[in-house]
Amino acid sequence: SGFPSGAKKSLLKLGVPSEILEFLFSWVDAHEDCPKIPEAKGAISSIRSEAFFIPLYELFLTYGGVFRLNFGPKSFLIVSDPTIAKHILRENSKAYSKGILAEILEFVMGTGLIPADGEVWRIRRRTIVPALHQKYVAAMISLFGQATDRLCKKLDAAASDGEDVEMESLFSRLTLDIIGKAVFNYDFDSLTNDTGIVEAVYTVLREAEDRSVSPIPFWEIPIWKDISPRQKRVSAALKLINDILDDLIAICKRMVDEEELQFHEEYVNEQDPSILHFLLASGDDVSSKQLRDDLMTMLIAGHETSAAVLTWTFYLLSKEPSVVSKLQEEVDSILGDRFPTIEDMKKLKYATRVINESLRLYPQPPVLIRRSLENDVLGGYPIKRGEDIFISVWNLHRSPKLWDDVEKFKPERWPLDGPNPNETNQNFSYLPFGGGPRKCVGDMFASYETVVALAMLVRRFDFQIALGAPPVEMTTGATIHTTEGLKMTVTRRIKPPIVPTLEMPTLNADASVNLS
Ligand code: HEM
C-alpha cells in the first residue's frame, strides 16, 4: 500500500486525470490484494550440503505446494503440487520455457530437443516423435536383450571368480551401448572396451552435471576455456564426439542414398533401425548442426536416466526379498531363458510395476526446470514473467497427502490388471516422464528397456549388497547418483528344475489322423 498509493496521490496532485491513473494502477492494486507466495527462510546454507532436493522436501512439508526460495540475489519457486504442475506443464505450457536448463546444457546439446524452445522445438519435436513409432520400439527389444546378455556374461564371470561388482557403472555402460545403437547405429561396446570415445562421453556428461549444480558459471568467463585444463579436456571430448556424429551422419546419408527407399509411417531399415536412419529417410532436411544437437540430446537423455532407474531398482530390490521372489516367479513362468519379445512386454506385469514403483521413489530427473515467459497465476498466487521454477517430482512422488506408505517400495500399489500408471491417469501426482507437450519422447522405449534388463538379470542371478560395501547414499547431477557406487555380490541362481514337456504336437497330429 505504501509505494503505489503514495505515487498515485502525487500524480493526482500533478494533474494527471484520475481515469488514466485508475487504469495505470489497476494491476498494481490487483497485486496488492493478492496473497503472496510463502517464502522459505534460513534454508540457504542447508541446500549446499547434500543432494539439493532433500532439503527441498523438508521445506515442502513446512511451506506447502508452492513457495519461494531465496538463494543470494536469485530466487526460485518450488512447486510440489499436482494441480500447479499440471498447469505449468500442460494447461499453460506455452507460457514456460526451459530457462536455466537450456543455458546450462547449451554447450553440449545446442538447440537439441531438450533445451530447445519456441519454433525450433516445435519443428524438431514434430520431426523426431514419429521416429519412435511402435515398430521401431518393438525392433529395439532384441537389442535390449543382446546388450543385457553381454552384461550377464560379465556378471557370470564375476560370479565364478567370487568378485563383487559395482552395478551403477555397469548399468551406465549397458544403457550407453543400447542408446548408441538405437539412436545412431554406433556400437560403443563400453561393456567390453574402454575406448577414447566412451571416455569422452563421460567427460562431457560429468561436465554437464557439474555445471548444473555449480552456483557460479565460471565456464562463461572467456579466457577460462583456454587456460583451465579441465575445460580444455571438455572441449577436446566434445570435438571427438561431434566428429564421430558427423561421420555417422555422413555414413547414414550414403546408406539412405543407395537404398531403394519406400518411406512410410512405420519405416524401419533392417540393417540400421536407428532413429538417425529414420530421420534421414524421412527427408528431414535440417542442418547437420541441428541434427547433431538432436542426436547428442537423445544420447544423453536416454543414457543416464535409464541407468539411474536400473541402479535404484536394484538397490530397492536388495531391501525387499519378497518383491524379488514374486518378480522371479513371474519371469520364470513367462520368459524362462528366452530373450524377451514385444509380446512379453504385456505379460511381464509385475516387472513393469517394479519399474513404475522405482520411478516413483527415485524419479529421474528429480526436478523439472522451467522459466515463466509471461505473468501467470500459480495456485492463486500471481507470479511475474522471468521466474525460475523447479517442479519437484521428488516431492510430488513422496507427498504424504497423495500416497499411502510413501516411503515403502510397494509395486502392489498399482493393481496388475489396472492401467500402467502415468501422469494422466494419476492426475499429475505421478510424473515419471514429465507431462504435457514436453513429455519424454522415449517413455515406451525406456520402460521396455528397463523391464527387459530387469527380467533377464533376476532370471539369471541373485543380487545382494556386498559385504562391507559403502552405504548407498544419494548425490545429484541431472539424475540421482549414488555417492560411492552400488557394490553387489552376484550369485548364479539355482533355477527351478525344468519339467520335461511331453511331445504333444506329434501325439495330437497322430490323434487327428486317427479320428479322420
Ligand atoms: C524428456 C524422463 C528415457 C528422450 C524427458 C522428461 C523426463 C524424462 C521427465 C521431461 C523433461 C522436462 O519436462 O523438463 C526420462 C526417463 C527415462 C527417459 C526417466 C528413462 C527411464 C529417454 C530415452 C530417450 C529420451 C530413452 C530417447 C530415446 C527424451 C527427450 C526429451 C525427454 C528428447 C525432451 C522432449 C521435449 O522437450 O520435447 N525425459 N526419459 N528419454 N526425453 Fe526422456
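An account of the accompanying structure is given in this report. (Residues numbered from 1 in each chain as written. Predicted model: local features only at pLDDT ≥ 70, side-chain atom pairs only at ≥ 80, totals over all residues. Heavy atoms only, no water.)

So, the overall build of the protein
Counting secondary structure elements, the protein contains 21 helices and 13 strands. Against the compact-globule benchmark of 24 Å for 516 residues, the protein has a radius of gyration of 26 Å, which places it among compact chains. C-alpha extents for the protein along the principal axes are approximately 110 × 60 × 55 Å. Counting only residues that meet the buried cut, the protein has 51% of its 516 residues in that class. If you take every contact in the protein between residues at least 6 apart in sequence, the share linking residues at least 24 apart comes to 73%. Within the structure as shown, the protein displays about 25000 Å² of accessible surface, and the carbon and sulfur contribution to it stands at 57%. Charge-centre separation for the protein: the mean point of 58 positive side chains lies 4 Å from the mean point of 72 negative side chains. (Helix = DSSP H or I, 4+ residues; strand = E, 2+ residues; numbered from the N terminus. Rg over C-alpha atoms; globule rule 2.2 N^0.38 Å. Buried < 20%, exposed > 50% of the residue type's maximum accessible area, 1.4 Å probe, protein only. Contact = heavy atoms within 4.5 Å. Areas by Shrake-Rupley, 256 points an atom, 1.4 Å probe, with all protein chains shown as cover. Lys, Arg positive; Asp, Glu negative; His and termini not counted. Charge placed at Lys NZ, Arg CZ, Asp CG, Glu CD.)

Observations concerning the pattern of salt bridges
In the structure shown here, the tally under the stated rule is 33 salt bridges. The partner of glutamate 387 in a salt bridge is arginine 68, and the shortest N-O contact between them spans 2.9 Å. Of this pair, glutamate 387 sits in the loop between strand S8 (381-383) and strand S9 (388-392) while arginine 68 sits in strand S2 (residues 66-71); the two residues are 319 residues apart in sequence, bridging distant segments of the chain. Each member of the pair, glutamate 387 together with arginine 68, is buried. (Salt bridge = Lys/Arg side-chain N within 4 Å of Asp/Glu carboxyl O.)

Here we look at the coordination of the iron atom of the ligand
Of the protein atoms, Cys440 (SG) alone serves as a donor to the iron atom of the ligand, at 2.3 Å. Here cysteine 440 is to be found in the loop between helix H19 (393-397) and helix H20 (443-460). (Donors = N, O, S within 2.8 Å, 3.2 Å for Na, K, Ca; no water.)

Some points on the pairing of strand S3 (residues 74-79)
Taken across its six residues, S3 has five buried, putting it largely inside the fold. Alignment of S2 against S3, held across six bridges, turns out to be antiparallel. Residue pairing in the sheet places phenylalanine 67 in a bridge with isoleucine 78 of S3. Linking S2 to S3, which pair antiparallel, is a turn of two residues; within it glycine 72 sits at a positive phi near 60°. The pairing of S3 with S9 spans four bridges and is classified as parallel. Paired with valine 79 across the strands is isoleucine 391, a residue of S9. (Pairing = 2+ DSSP bridges.)

So, the nonpolar core
Nonpolar side chains in soluble globular proteins tend to end up buried together. Membership of the largest hydrophobic core comes to 126 residues, with the highest contact counts inside it found for Leu155 and Phe314. Counting residues per element, this core draws most heavily on helix H8 (residues 134-161), which supplies 11 residues. Setting aside its immediate chain neighbours within four residues, phenylalanine 314 contacts Phe171, Leu454, Leu457, Val458, Phe463, Leu486 and Met488. Ile84, Leu89, Ile383 and Ile389 belong to the second-largest nonpolar core, a separate cluster that totals 20 residues. (Core = buried A, V, L, I, M, F, W, Y, C linked by side-chain atoms within 4.5 Å.)

Examining H20
For an α-helix, 3.6 residues make a turn, and residues three or four places apart therefore share a direction. With 18 residues, H20 should cover 26 Å at 1.5 Å per step; its first-to-last C-alpha distance of 26 Å lies within 8% of that length. Counting buried positions along H20 gives 15 out of 18 residues, so the element sits mostly inside the fold. (Expected span 1.5 Å × (residues − 1).)

Comments concerning the site of the ligand
Looking at the ligand, there are 26 residues lining it, with Trp121, Arg125, Arg370, Arg438 and Cys440 nearest. Between the ligand and leucine 113, the relevant distance is 3.4 Å, taken from an oxygen atom to a main-chain nitrogen or oxygen of the residue. A distance of 2.8 Å is found between an oxygen atom of the ligand and a side-chain nitrogen or oxygen belonging to arginine 370. Secondary structure elements with two or more residues in the shell around the ligand: helix H7 (118-128), helix H15 (304-319), strand S6 (367-372) and H20. (Near = heavy atom within 4 Å. Polar contact = N/O pair within 3.5 Å; in protein donor to acceptor, adjacent residues only side chain to side chain.)

In short, the description is geometric, and any link to function would need to be established separately.
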